[in-house]
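Chains, contacts and geometry: an overview
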Amino acid sequence: MNDVAELKQFGYVHTQTQGIPVAEFERLRDRIVSDAGDAPGSWVHEWSHEAAERDRAGRVDEAWRYHAMARFPFPDGAPRRVAHGHCVDAFARSATGSALERLDVETPEGRIRGWAAGLSAAEPKPLLVILGGIVAAKEQYAPMLRIAAGLDMAGIVTEMPGVGENTVPYTAKSWQTLSHLLDAVGDRAQVSRTVAMALSFSGHLALRCAVNDSRLVGVVTAAAPISDFFTDVQWQRGLPRITVDTLAHLTGVGADRLGGHIRDWALSADELTALAVPLYYMASERDEIIPPGELGQLRRSVRELHVLSHDDEHGAPRHLEETQRWVAAAIHTLRG
């Protein structure tokens with residue numbers, strides 16, 4: 001079971017990114033007293049109940065958001081697996097008749113699944129790829145594809161390896177999944193002009209890809225681990241349990257061995273210096289997950305770095321509107 005206090009703390013920012021009203025979050029938060037299965041008063045039950053009520057009322061575009069919260073942070077058993085299935089199904093129904101299309105990419109390591117818009121062999125456009133972090137299903141960020149449409153770009157939203165419907169394992173080589181994705185749509189988008197909007201842990205993945213794959217012309221990220229997160233044993237001891245448990249689940253490594261397993265994943269100063277494209281990085285000054293030294297590493301090594309810093313916690317939940325405007329402006333600049 002997850003720690004209920006952590007579920008409420010870190011779940012808050014995810015409700016806000018999905019447009020769930022604060023009053024609704026607070027009402028459900030006060031009803032949740034445990035994380036035991038799907039019994040009344042549990043995290044899964046209360047969010048799933050609200051989702052079902054909205055689905056029955058024909059408010060499917062709200063229902064999938066509540067299902068997404070029910071499966072948060074990851075499907076650790078049958079109740080959350082069911083919730084995730086309902087989230088995917090409800091989102092698909094809400095997307096019926098829209099410009100969105102399903103995208104499946106088979107790789108040697110597994111399947112990448114996403115939603116896409118604006119792909120066209122007749123009129124290929126620059127590409128925006130959107131990825132969430134280790135606790136976010138792709139449906140959560142699919143509405144942000146409107147940014148791509150507004151900039152006359154094609155767009156794809158997908159998940160990190162091991163998250164949601166992505167069956168690729170999460171390893172040190174996971175950055176290659178981005179390259180596989182670009183390979184798959186190279187005939188329907190200008191993949192040589194790809195912007196990656198990769199949040200939290202997927203930002204680390206996108207940076208390594210940008211160092212190795214010249215088709216990325218820029219990376220926009222928020223609260224991404226860079227180096228110290230992977231190597232600072234003392235910092236790792238103080239990580240929220242929800243972060244450690246999720247990483248252990250995705251990597252298939254026990255929590256007690258996680259630190260040693262990911263130590264070599266750190267981006268080196270040489271790799272950051274080799275980054276030839278602009279990096280837009282949002283940092284939170286009171287981040288409980290990302291070490292404060294990460295930003296200093298970026299400032300010392302990255303050639304073109306643009307920083308937005310907030311006096312806030314991980315994900316800057318109290319500055320979402322400002323961050324969203326900054327992200328949109330960054331993508332606009334990189335679009336050219």
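Now for a look at the structure at hand. Note that the structure is a prediction, hence the values are computed from the model and not measured. (Residues numbered from 1 in each chain as written. Predicted model: local features only at pLDDT ≥ 70, side-chain atom pairs only at ≥ 80, totals over all residues. Heavy atoms only, no water.)

Closest axis-to-axis distance for the helix α2 (residues 22-31)/helix α3 (residues 43-56) pair is 10 Å, and the angle between their directions is 135 degrees. Taken together, the axes of α2 and α3 lie oblique to each other. Listed contacts from α3 to E24, F25, R27, L28 and R31 of α2 are E46, W47, H49, E50 and R54. (Axes fitted to C-alpha atoms, helices over the stretch in contact; angles between N-to-C directions. Helix = DSSP H or I, 4+ residues; strand = E, 2+ residues; numbered from the N terminus. Parallel < 35°, antiparallel > 145°, perpendicular 65-115°, else oblique. Contact = heavy atoms within 4.5 Å.)

The subject of this paragraph is the sheet that holds strand β8 (residues 305-310). A sheet is described by the order of its strands in space; here eight strands give the open sequence β1-β2-β4-β3-β5-β6-β7-β8, paired in mixed fashion. Of all strands in the sheet, those with a lone pairing partner are β1 (101-107) and β8, marking the two edges. Ignoring strand direction, the axes of neighbouring strands in this sheet form an average angle of 20 degrees. When strand β7 (residues 279-284) meets β8, the two strands line up parallel, connected through six bridges. If you follow L279 over to β8, its bridge partner there is L305. On top of the sheet, helix α15 (residues 293-301) reaches β7 and β8; it is set at about 155 degrees to β7, its chief contact. (Pairing = 2+ DSSP bridges.)

To continue, consider the pattern of salt bridges. Under the definition given, this model contains 31 salt bridges. A salt bridge links D104 to R113; the shortest N-O distance between them is 2.7 Å. For D104, a relative accessible area of 41% translates into the label partly exposed. For R113, the salt bridge is made with E165, and the minimal N-O distance between the two is 3.1 Å. Highlighted residues: R113 in strand β2 (residues 110-117) and E165 in the loop between β4 (154-158) and α8 (176-184), separated in sequence by 52 residues. In this pair, the class of R113 matches that of E165, namely buried. (Salt bridge = Lys/Arg side-chain N within 4 Å of Asp/Glu carboxyl O. Buried < 20%, exposed > 50% of the residue type's maximum accessible area, 1.4 Å probe, protein only.)

On to the environment of L100. Summarising the element assignment, L100 is placed in the loop between α5 (78-94) and β1. Accessibility expressed as a relative area gives 24% for L100, which makes it partly exposed. A sequence separation of 154 residues divides L100 from G254, and the C-alpha atoms of the two residues are 38 Å apart.

On to the pairing of β1. As paired elements, β1 and β2 share seven bridges and run antiparallel to each other. Along β2, the bridge assignment pairs V105 with I112. Connecting the antiparallel pair β1 and β2 is a turn made up of two residues.

Our focus in this paragraph is the pairing of β4. For β4, a buried count of five out of five residues is recorded, marking the element as mostly surrounded by other parts of the structure. Of the two faces of β4, the one carrying A154, I156 and T158 and the one carrying G155 and V157 are both buried. Of the pairings in the sheet, the one linking β2 to β4 comprises three bridges and is antiparallel in character. For W115, the partnering residue across the bridge sits in β4 and is V157. The pairing of strand β3 (residues 126-131) with β4 spans five bridges and is parallel. Its bridge partner lying in β4, L127 is registered against A154.

Counting 76 residues, the largest nonpolar core has W47, L127 and Y281 as its most contacted members. Take this core: its biggest share by element is six residues, from helix α9 (residues 201-212). Within the second largest apolar cluster, 32 residues are counted, among which are L199, M282, L308 and A330. (Core = buried A, V, L, I, M, F, W, Y, C linked by side-chain atoms within 4.5 Å.)

With that settled, consider the side chain of S301. Of note, S301 is situated in helix α15. Judged by relative accessible area, which is 10%, S301 ranks as buried. What S301 contacts, discounting residues up to four positions off in sequence, is A269, L272 and T273.

If you want to describe how two helices pack, look at the angle between their axes and the distance between the axes. Between helix α4 (residues 60-70) and α5, whose axes approach to 8 Å, the crossing angle comes to 155 degrees. Considering the angle they form, α4 stands roughly antiparallel to α5. By crossing handedness, the relation of α4 to α5 is classed as left-handed. Residues V60, D61, W64, H67, A68 and A70 of α4 pack against R80, A83, H86, C87, A90, F91, R93 and S94 of α5. (Left-handed = near helix turned anticlockwise from the far one by under 90°.)

Under the criterion given, the structure shown has eleven aromatic pairs. Ring centres of Y280 and W326 lie 6.0 Å apart, and the angle between their planes is 65 degrees; this geometry places the pair in the edge-to-face category. Pair noted here: Y280 is in strand β7 and W326 is in helix α16 (residues 320-335), with a separation of 46 residues, a long-range link. Each member of the pair, Y280 as well as W326, carries the same accessibility label: buried. Geometry around Y66 places R54 over its ring, the cationic atom sitting 4.1 Å from the centre. The side chain of R102 reaches across the aromatic face of W115, ending 4.9 Å from its centre. (Phe/Tyr/Trp six-rings, centres within 6.5 Å; stacked < 30°, edge-to-face > 60°. Lys NZ or Arg CZ within 6 Å of the ring centre and 35° of its normal.)

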